[in-house]
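Structure assessment
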Amino acid sequence: MSELVTGEAVALELRPARLPSRALAVLIDLTVVMVVYIAVTIAVVAASASLDDAAQVALSIAVFLLVLVGGPIAVETLSHGRSLGKLAVGLRVVRDDGGPIRFRHALVRGAIGVVEILLTFGVVACIASLVSARGRRLGDVFAGTLVVRERIPVAPSGFVPPPPFWLAGRFSELDLSAVPDGLWLAIRQYLTRMHQLDPQVGLAMAEQLASDLATRTGAPAPRDVPPGAYLAAVVQERQARESRRAFGNATAGAGPSPAVGPGRGAGTQGGHAYPGARPAAPSSPPPLSEEPSAGPRSTVPPEGRPASGFVPPA
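Residues numbered from 1 in each chain as written. Predicted model: local features only at pLDDT ≥ 70, side-chain atom pairs only at ≥ 80, totals over all residues. Heavy atoms only, no water.

**A short note on the packing of helix H2 (residues 53-78) against helix H4 (residues 103-119)**
Contact pair H2 / H4: the axes reach a minimum separation of 9 Å and the direction vectors enclose 140°. Classed by the angle they form, the pair H2 and H4 counts as oblique. Considering only the axes of H2 and H4, their crossing is right-handed. Of the residues in H4, those in contact with Leu68, Val69, Ile73, Glu76 and Thr77 of H2 are Phe103, Ala106, Leu107, Arg109, Gly110, Val114 and Leu118. Split by residue class, the contact of H2 with H4 holds eight nonpolar, two polar and two charged. (Axes fitted to C-alpha atoms, helices over the stretch in contact; angles between N-to-C directions. Helix = DSSP H or I, 4+ residues; strand = E, 2+ residues; numbered from the N terminus. Parallel < 35°, antiparallel > 145°, perpendicular 65-115°, else oblique. Left-handed = near helix turned anticlockwise from the far one by under 90°. Contact = heavy atoms within 4.5 Å. Nonpolar A, V, L, I, M, F, W, Y, C, P; charged D, E, K, R; others polar.)

What follows is the structure in C-alpha cells.
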C-alpha cells in the first residue's frame, strides 16, 4: 500500500503494481503492437515496391515510429493510462498525485520505453522496477507517473456484530447527541473489521474508541464490559433510537433475542468474540434428581412393626 498526498493535502492509499502483473500487461501490449506492426509493414512494402531503396527505408522508419512508438502513446493518452494489456490485468497509469495522465506523461513514458523495453528486451525496465520501492521503471520516474492496481479483491464487510445479550438496554440513558459522525464511522469500521486485526492492535483500538465515545457521552465506559462489546452495544442503541424516530416504537428493538448457548459469555454473542473479553466459565451440570418410584409409596409398616410411635394397649 502506497500513500500519496494530492495538492489538496488528501492522502490516497494506492496499490502499486508489481513486476509480474506489469510484465504480463507489457507482454500483451507488445503482442498486439507487433501483430499490427507486421501487418502494416507488409502492406507498406507491397504498396511501395516500385519506389527506390531510400524511400522504402524512410517508410520503414516512419512505420516503426508511428506503430511501435506513437501507437502506445496515443492509446495511453486516449484511455487515460489503460492500454489493452493493463485493462486485461487490471492496471492503470496515474500521476504521482493520483490524477489521470496526459499526453506529455504518455510521451515521456513511450519515448523512454523504446530504450528500456524494446532495445534492451525489457532488461533495464525489469531491473528498475525491482529496485524501485513502488515498482516504477525509468519511464515512470521521468514522467512522474505510477502504475497502480485497479481491481482489488474486496473482503466481505459491512456486517456489524451484535452485542452480548446481557447488554441489551443497558445504555438506553446515554446522551449520544454530542457524538460526531466521524466517530460513529470509525467505530463501525472497527466493528466490521475487528476479526481481521491483530488481537493486541484490535484491543488497543477498541480501548481508544471506547475512551473517545465515553468522553463524548459524558459517562465513563463500564469496567466490567469489554471495550468492543461496549462499542457494539452503544451502536445498537443508536440504531434503535433511529428506528424509533423513523418508524415509531412498534419497530424499535424488533427481532428475536439471540439464544444463549454453551460457551457464550460476557465477550461473545452469536459466535463473535470481542477483544479483551474473558472466556466464559463452563456451566456446571444440573443436579441429579431422584428417580421417581414406579408407584405410590406404601404407608403400611412391615409386619411386627408399628406405623408410628403409638403402641396400642394390650
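Structure shown, so let's carry the discussion forward.
**A closer look at the side chain of Ser83**
Take Ser83: it is sitting in the loop between H2 and helix H3 (84-89). When sequence neighbours within four positions are dropped, the list of residues in contact with Ser83 reads Asp29 and Val75.

**A look at the nonpolar core**
Core analysis: the largest hydrophobic core is formed by 25 residues, its most contacted members being Trp184, Ile187, Leu191, Leu213, Tyr230, Leu231 and Val234. Those elements giving two or more residues to this core turn out to be helix H7 (181-193), helix H8 (199-217) and helix H9 (227-247). Looking at this core, the element that brings in the most residues is H9, giving seven residues. Apart from the residues lying within four places of it in its own chain, the contact partners of Trp184 are Leu176, Val179, Leu213, Val234, Val235 and Arg238. Ranked by size, the runner-up nonpolar core spans six residues in total, among them Ala25, Leu91, Val93 and Val147. (Core = buried A, V, L, I, M, F, W, Y, C linked by side-chain atoms within 4.5 Å. Buried < 20%, exposed > 50% of the residue type's maximum accessible area, 1.4 Å probe, protein only.)

**Thoughts on H9**
Between its terminal C-alpha atoms H9 stretches 30 Å, which fits the 30 Å expected from 21 residues at 1.5 Å a residue. Those residues of H9 that are buried are in contact with H7 and H8. (Expected span 1.5 Å × (residues − 1).)

**Some details on the confidence of the model for the protein chain**
Put simply, the protein chain has an average pLDDT of 76, and 71% of its residues get 70 or more. Here strand E1 (residues 2-5) stands out as the least confident element of the protein chain, with mean pLDDT 45; helix H6 (residues 138-143) is the most confident, with 92. Counted against residues more than four places away or in other chains, residues 251-271, with its pLDDT under 50, gives 28 contacts. Note that residues 280-286 has pLDDT below 50 and, in this model, three contacts with residues that lie over four places away or in other chains. (pLDDT = per-residue confidence, 0-100.)

**Remarks on the pattern of salt bridges**
Taken as a whole and judged by the stated rule, the model has 12 salt bridges. We note a salt bridge from Glu150 to Arg82, for which the minimum N-O separation is 3.2 Å. With a gap of 68 residues between them, Glu150 in the loop between strand E4 (145-149) and H7 and Arg82 in the loop between H2 and H3 connect regions that are remote in the sequence. Note that Arg137 is salt-bridged to Glu116, the shortest N-O span being 2.3 Å. Of the two residues, Arg137 is situated in the loop between helix H5 (123-131) and H6 and Glu116 in helix H4; the sequence distance between them amounts to 21 residues. Classification of Arg137 as buried rests on a relative accessible area of 8%. The network of salt bridges with common partners includes Arg22, Glu76, Lys86, Arg109 and Asp140. (Salt bridge = Lys/Arg side-chain N within 4 Å of Asp/Glu carboxyl O.)

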